[in-house]
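Observations on chain architecture
Spelled out, the chains give:
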Amino acid sequence: KFYTHTFIKLAISRFNYKKQRITIAAVTLENARIGIKRYKDPRDYNLDFILDYFSGAEKDTTTKQPWDIKVEKITLKNCFLTYKDYKFSDVNDGIDWDDLALKHLDVQLEDLEPKGDTLQFLLKHIAFTEKSGFVLKHLSSKTSMRPESMDFEALLIQTEGSDIHSNIRFDFNT
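Attention here is on the structure that accompanies the text. Quantities reported herein were computed from a predicted structural model and do not represent experimental measurements.

1. Looking at the overall build of the protein chain
Within the protein chain, the secondary structure is distributed over 1 helix and 10 strands. Reading the protein chain from its N terminus to its C terminus gives the helix and strand order β-β-β-β-α-β-β-β-β-β-β. A total of 174 residues make up the protein chain; the buried ones form 29% of that total. Taking the intrachain contacts of the protein chain between residues at least 6 apart in sequence as the baseline, contacts between residues at least 24 apart amount to 47%.

Structural data, given as structure tokens:
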């Protein structure tokens, strides 16, 4: 299954069609089972059909002002997330990044706001237990993602054996 849920809530606080502005107060997902698959050939995802549907059959070449979209809070409570990349069949010790299973996944994001090619948000909390036995007790940071980099300010990572405080930046070749 791609997605099943026990509880989902979406609360919109502001909507202005003429000014193309929307503010989503809260998105909450509880006890969800989310499965993401990437196939071997072609290299598509199981959810591509949803993305294709919303992107439309033809590419829009008109120049329009993009919608101003803000999300004040995203919460996942006690969710189960799997990710499987079928291109790889090897088995790894520890966390296998091509075959993940995260149970008891709790996430809290706030102030999610895309600006151009940048996505900024406050990652208040992530916790989960991975099928390998790895337990992430807490992860938080002020996060900024761009095509060429990711920044994690005031990063805090807590596991059963570590307590890490740092600022980290990842740069990518684009």
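2. Topic: the packing of aromatic side chains
What characterises a pair of aromatic rings is the spacing of the ring centres plus the angle enclosed by the ring planes. Taken as a whole and assessed by the stated rule, the structure comprises 4 aromatic pairs. Ring centres of Phe-128 and Phe-134 lie 6.3 Å apart, and the angle between their planes is 55°; on these two criteria the pair is classed as tilted. Judged by its relative accessible area of 32%, Phe-134 is partly exposed. For the pair Phe-152 and Phe-170, a centre-to-centre distance of 6.0 Å together with 80° between the ring planes defines the contact as edge-to-face. Here Phe-152, found in strand S9 (residues 149–159), pairs with Phe-170, found in strand S10 (residues 163–171); they are 18 residues apart in sequence, far enough to count as distant. On the basis of relative accessible area, Phe-170 is assigned to the partly exposed category, the value being 41%. In textbook terms, an aromatic cluster arises when at least three aromatic residues are bridged by ring pairs, as seen for Phe-15, Tyr-17 and Trp-67.

3. Thoughts on the pattern of salt bridges
Counted under the stated rule, the structure contains 8 salt bridges. Here Glu-30 makes a salt bridge to Lys-77, at a shortest N to O gap of 3.8 Å. With Glu-30 in strand S3 (residues 21–30) and Lys-77 in strand S5 (residues 68–85), this pair connects stretches of sequence that are 47 residues apart. Between Asp-151 and Arg-169 there is a salt bridge whose closest N-O contact spans 3.1 Å. A residue pair is termed long-range when its members are at least 10 positions apart, and Asp-151 in strand S9 and Arg-169 in strand S10 qualify at 18 residues. Owing to a relative accessible area of 47%, Arg-169 belongs among the partly exposed residues under this scheme. Overlapping salt bridges bring together Arg-146, Asp-151, Arg-169 and Asp-171 as one network.

4. Regarding the pairing of S3
Where strand S2 (residues 7–16) and S3 come together, 9 bridges link them in antiparallel fashion. Looking at the pairing, Phe-15 lines up with Ile-22 of S3. Between S2 and S3, which follow one another and run antiparallel, lie 4 residues, and Gln-20 among them has a positive phi close to 55°.

5. Here we look at the environment of Leu-10
You can see Leu-10 is positioned in strand S2. In this structure Leu-10 comes out as exposed when scored by relative accessible area, which is 55%. Considered as a pair, Leu-10 and Ile-24 are 14 residues apart in the sequence and their alpha carbons are 7.5 Å apart. With residues up to four places along the chain from it excluded, the contact list for Leu-10 reads Ile-24, Ala-26 and Val-27.

6. A short note on the nonpolar core
Membership of the largest hydrophobic core comes to 24 residues, with the highest contact counts inside it found for Leu-76, Leu-105, Ile-126 and Leu-139. If sequence neighbours within four positions are ignored, Leu-139 has contacts with Leu-123, Lys-124, His-125, Ile-126, Leu-155, Leu-156 and Ile-157.

7. Observations concerning the environment of Asp-117
Its location among the elements puts Asp-117 in the loop between strand S6 (99–115) and strand S7 (118–130). For the pair Asp-117 and Glu-148, spaced 31 residues apart in sequence, the C-alpha to C-alpha distance is 9.8 Å. For Asp-117, the residues in contact, after removing those within four places along its chain, are Met-145, Arg-146, Pro-147 and Glu-148. Side-chain polar atoms of Asp-117 contact the side chain of Thr-118, separated by 3.3 Å.

Criteria and thresholds
- Residues numbered from 1 in each chain as written.
- Predicted model: local features only at pLDDT ≥ 70, side-chain atom pairs only at ≥ 80, totals over all residues.
- Heavy atoms only, no water.
- Helix = DSSP H or I, 4+ residues; strand = E, 2+ residues; numbered from the N terminus.
- Buried < 20%, exposed > 50% of the residue type's maximum accessible area, 1.4 Å probe, protein only.
- Contact = heavy atoms within 4.5 Å.
- Phe/Tyr/Trp six-rings, centres within 6.5 Å; stacked < 30°, edge-to-face > 60°.
- Salt bridge = Lys/Arg side-chain N within 4 Å of Asp/Glu carboxyl O.
- Pairing = 2+ DSSP bridges.
- Core = buried A, V, L, I, M, F, W, Y, C linked by side-chain atoms within 4.5 Å.
- Polar contact = N/O pair within 3.5 Å; in protein donor to acceptor, adjacent residues only side chain to side chain.

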